[in-house]
Amino acid sequence: QQQVKQSPQSLIVQKGGISIINCAYENTAFDYFPWYQQFPGKGPALLIAIRPDVSEKKEGRFTISFNKSAKQFSLHIMDSQPGDSATYFCAASMRGNAGKSTFGDGTTLTVKP
Amino acid sequence: SQTIHQWPATLVQPVGSPLSLECTVEGTSNPNLYWYRQAAGRGLQLLFYSVGIGQISSEVPQNLSASRPQDRQFILSSKKLLLSDSGFYLCAWQRQGGLYEQYFGPGTRLTVT
């Protein structure tokens with residue numbers, strides 16, 4: 001079974017702090033690593049994604065750090081805001097697999113004001 | 001721009017009743033289509049995917065079936081619902097040959113009583 005292991009399961013951060021969510025994968029054939037954000041009662045939405053040929057990608061307050069040798073990647077949310085409170089899923093996919101993604105189990109982030 | 005629709009938004013059905021959930025995508029052609037189920041507070045379980053009209057692959061043996069009668073229409077069905085079929089059902093689409101990001105619909109909350 002191809003797995004993506006995500007941690008922590010839940011995270012509480014003060015407003016203005018840094019939120020860090022980690023994921024680890026096993027299959028070195030994965031070549032695309034997206035993060036999705038899901039608010040309660042809504043479908044997940046693509047937040048940011050990275051390919052393994054770069055070690056970091058930044059979009060606004062959101063940064064993905066990628067460590068190919070360790071087979072790990074993480075999402076950093078800088079200056080966390082209460083509006084960032086949501087569930088975050090990491091995922092991994094590869095070519096030739098009908099576009100299927102393997103998802104982590106999710107991290108519920110709560111940002112306290 | 002592309003849009004994905006799901007209906008109904010919520011559904012309460014008795015055990016043993018049939019089910020039909022519909023998903024349609026606008027603004028793209030020949031997408032990959034996916035059905036996921038999300039239990040409360042849990043991750044995303046891939047149920048079915050389709051790479052073309054009439055082409056359905058099942059990920060998990062279960063009480064559900066899927067069909068793709070038109071290029072941008074994906075239907076999830078059951079002949080007799082079980083209590084365990086309750087959950088949040090999400091449809092997603094993806095460009096074939098794209099960067100593997102998936103775009104999710106708003107979801108259907110199904111409660112089987």
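Visitor: Could you clarify how one ought to interpret the packing of aromatic side chains in this entry?
Guide: Aromatic ring pairs are reported here in terms of the distance separating the ring centres and the angle at which the planes meet. Residue and element names in this part refer to chain A. Applying the stated rule across the entire model yields 17 aromatic pairs over all chains. Here the aromatic rings of Y25 and F30 are separated by 6.2 Å at their centres, their planes lie at 70 degrees, and the arrangement is edge-to-face. The buried category is assigned to Y25, whose relative accessible area is 7%. Seen from their ring centres, Y25 and F73 are 6.2 Å apart, and the 55 degrees between their planes marks the pair as tilted. With a gap of 48 residues between them, Y25 in strand β3 (residues 19–25) and F73 in strand β8 (residues 72–77) connect regions that are remote in the sequence. Counting every residue linked through ring pairs, the aromatic cluster contains Y25, F30, F33, W35, F66 and F73.

Visitor: What should I look at first to understand the sheet that holds strand β1 (residues 4–7) of chain A in this one?
Guide: Residue and element names in this part refer to chain A. Pairing is antiparallel in the open sheet, where five strands are placed in the order β1-β3-β8-β7-β6. Only two strands of the sheet have a single neighbouring strand rather than two, namely β1 and β6 (56–59). Along the sheet, successive strands turn relative to each other by an average axial angle of 15 degrees, direction set aside. Summarising the sheet, strand β7 (residues 62–67) and β8 pair through six bridges and their orientation is antiparallel. Paired with S65 across the two strands is S74, which belongs to β8.

Visitor: Hey, could you run me through the nonpolar core in this one?
Guide: Side chains of nonpolar character tend, in soluble globular proteins, to be buried together. Counting residues in each nonpolar core, the largest one holds 25 residues, and the members touching the most others are V4, F33, W35, F73, L75 and Y88 of chain A. Mapped by element, the contributors of at least two residues to this core are β2 (10–14), β3, β4 (33–38), β5 (45–50), β7, β8, β9 (86–93) and β11 (107–112) of chain A. Among the elements that line this core, the one with the most residues is β9 of chain A, at four residues. Ignoring any residue separated from it by four or fewer positions in sequence, one finds L75 of chain A in contact with S19, I20, I21, W35, L47, I48, F62, T63, I64 and Y88 of chain A. Counting 20 residues, the second-largest nonpolar core is a separate cluster that includes I4, L19, L33 and F48 of chain B.

Visitor: Sorry if this is basic, but what is going on with the pairing of strand β3 (residues 19–26) of chain B here?
Guide: A regular strand places its side chains so that they alternate between the two faces of the sheet. Residues and elements named next belong to chain B. Pairing analysis gives five bridges linking strand β1 (residues 3–7) to β3, with the strands arranged antiparallel. The residue bridging T3 from the neighbouring strand is E26, located in β3. Relative to strand β8 (residues 73–78), β3 is paired through six bridges, and the arrangement is antiparallel. Bridge pairing links E22 to I75 in β8.

Visitor: Explanation requested: the environment of Q81 of chain A in the structure shown.
Guide: All names here are of chain A. Here Q81 lies in the loop between β8 and β9. Given a relative accessible area of 23%, Q81 falls into the partly exposed group. Through-space distance from the C-alpha of Q81 to that of A91 is 23 Å; in sequence the pair is ten residues apart. Setting aside residues up to four positions removed in sequence, Q81 forms contacts with K15, G16, R61 and V111. A distance of 3.0 Å separates polar atoms of two side chains, one belonging to Q81 and the other to D79.

The rules we used
- Residues numbered from 1 in each chain as written.
- Chains lettered and ligands numbered in written order.
- Predicted model: local features only at pLDDT ≥ 70, side-chain atom pairs only at ≥ 80, totals over all residues.
- Heavy atoms only, no water.
- Phe/Tyr/Trp six-rings, centres within 6.5 Å; stacked < 30°, edge-to-face > 60°.
- Buried < 20%, exposed > 50% of the residue type's maximum accessible area, 1.4 Å probe, protein only.
- Helix = DSSP H or I, 4+ residues; strand = E, 2+ residues; numbered from the N terminus.
- Pairing = 2+ DSSP bridges.
- Axes fitted to C-alpha atoms, helices over the stretch in contact; angles between N-to-C directions.
- Core = buried A, V, L, I, M, F, W, Y, C linked by side-chain atoms within 4.5 Å.
- Contact = heavy atoms within 4.5 Å.
- Polar contact = N/O pair within 3.5 Å; in protein donor to acceptor, adjacent residues only side chain to side chain.

Interpretation note: all reported values are geometric properties and have no functional meaning in isolation.
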